[in-house]
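# Examination of the molecular architecture
This is what each chain is made of:
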Amino acid sequence: MGAAYSRRSRGAREVARSFAKMPRASVLLAPMLAVGLAQEGITTPLPRLAPRASAPVYNFLSATFGDHMVLQAAPMSAMIFGHTVAGQQVTTTFNGTSYTTVADEDGVWRQQLPPTAASLTPYELTFESSFEHNLTATLRDVVFGDVFICGGQSNMAYAVGGATNSSEELAKADNYGQIRQFVVGTGTSSDIPLEDLQTVQDPWHVSSKDSVAGDSAVCFFFVSSVTSALRSTNNLATSASP
């Protein structure tokens, strides 16, 4: 078993090193996890709407989002979305400015944010629907940086805690507090396309020795390598993988 761990850990590191050579704006397709820059806090439960005709649940603010998350930084414009009653107005307040959008015929609302520079500055966003039940939601400690999507099968799911010298690797995680992760997991299956996540294995969290043991080793080693490289050039990195 030890040999198997060693081989898989070395493989994870080799993949991570190869991807670390990609340009800053590159996206890695792998299991869903995300990394970013933030401080620890308490995750706020998201308001949920009643299920539609069949089983899926639709959230006023998509379950993709959460406290401590990373949104893609400039020059891109981050997009926030969720569900309410068709035709209802949704107001988003961000960085002292309010933006308004209207839900489409399917009840989906989308709000594009202005391009925001990558930094460790934590932002708070609030959302309010004109629907009679006055749906509201808040995102706290949100930072902007680079977001990477990691997806795959068993190799991508192989956790940091199972890597060779895992105790040393976990101790290093305290040096990467700007990396934030989010794991979708495999708790949902459906014969039809779903408009929102129905399950989340691990909500957005700040990387530390206590939080990354169950996260993807390939994804974490890749992002930590990118972060170290950008630090050496006085840049700032944020990453995420579900």
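Whatever comes next refers back to the structure up there.
First, a word on what this report is: a plain description of the structure on this page. (Residues numbered from 1 in each chain as written. Predicted model: local features only at pLDDT ≥ 70, side-chain atom pairs only at ≥ 80, totals over all residues. Heavy atoms only, no water.)

Turning to the nonpolar core, a few remarks are in order. Of all hydrophobic cores here, the largest spans 27 residues; its most connected members are Leu 71 and Phe 127. Elements that contribute at least two residues to this core include exactly β1 (70-72), β3 (89-94), β6 (119-129) and β7 (136-145). Here the element with the most residues in this core is β7; it accounts for five residues. Residues within four places of Leu 71 in sequence aside, it is in contact with Phe 65, Ala 78, Ile 80, Leu 113, Val 142, Val 143, Phe 144, Gly 145 and Val 147. Membership of the second largest hydrophobic core comes to 16 residues, among which are Tyr 176, Val 212, Val 226 and Leu 230. (Core = buried A, V, L, I, M, F, W, Y, C linked by side-chain atoms within 4.5 Å. Buried < 20%, exposed > 50% of the residue type's maximum accessible area, 1.4 Å probe, protein only. Helix = DSSP H or I, 4+ residues; strand = E, 2+ residues; numbered from the N terminus. Contact = heavy atoms within 4.5 Å.)

Within the fold, Gly 107 resides in the loop between β4 (97-102) and β5 (108-112). Gly 107 sits 24 residues away from His 83 along the chain, and the two C-alpha atoms are 5.4 Å apart.

Take the sheet that holds β4 next. Here we have five strands laid out as an open sheet, ordered β1-β7-β6-β3-β4, and mixed in their pairing. Looking at the sheet topology across the chains shown, the edges are occupied by β1 and β4. Strand-to-strand twist in this sheet, taken as the mean axis angle between neighbours without regard to direction, amounts to 35 degrees. In this structure, β6 lies alongside β7, joined through six bridges in antiparallel fashion. The residue of β7 that forms the bridge with Ser 119 is Phe 144. (Pairing = 2+ DSSP bridges. Axes fitted to C-alpha atoms, helices over the stretch in contact; angles between N-to-C directions.)

Before going further, it helps to spend a moment on the packing of aromatic side chains. Scanning the entire structure with this criterion turns up 10 aromatic pairs. For the ring pair Phe 60 and Trp 109, a centre distance of 5.7 Å and an interplane angle of 45 degrees mean the geometry is tilted. Taken together, the residues Phe 60 in the loop between α1 (2-19) and β1 and Trp 109 in strand β5 connect sequence positions 49 residues apart. Side by side, Phe 60 and Trp 109 carry an identical accessibility label, which is buried. Ring geometry for Trp 109 versus Phe 127: centroids 5.8 Å apart, planes at 40 degrees, classification tilted. With Trp 109 in strand β5 and Phe 127 in strand β6, this pair connects stretches of sequence that are 18 residues apart. Judged on exposure class, the residue Trp 109 and its partner Phe 127 are both buried. Through a chain of ring-to-ring contacts, the aromatic side chains of Phe 60, Trp 109 and Phe 127 assemble into a single cluster. (Phe/Tyr/Trp six-rings, centres within 6.5 Å; stacked < 30°, edge-to-face > 60°.)

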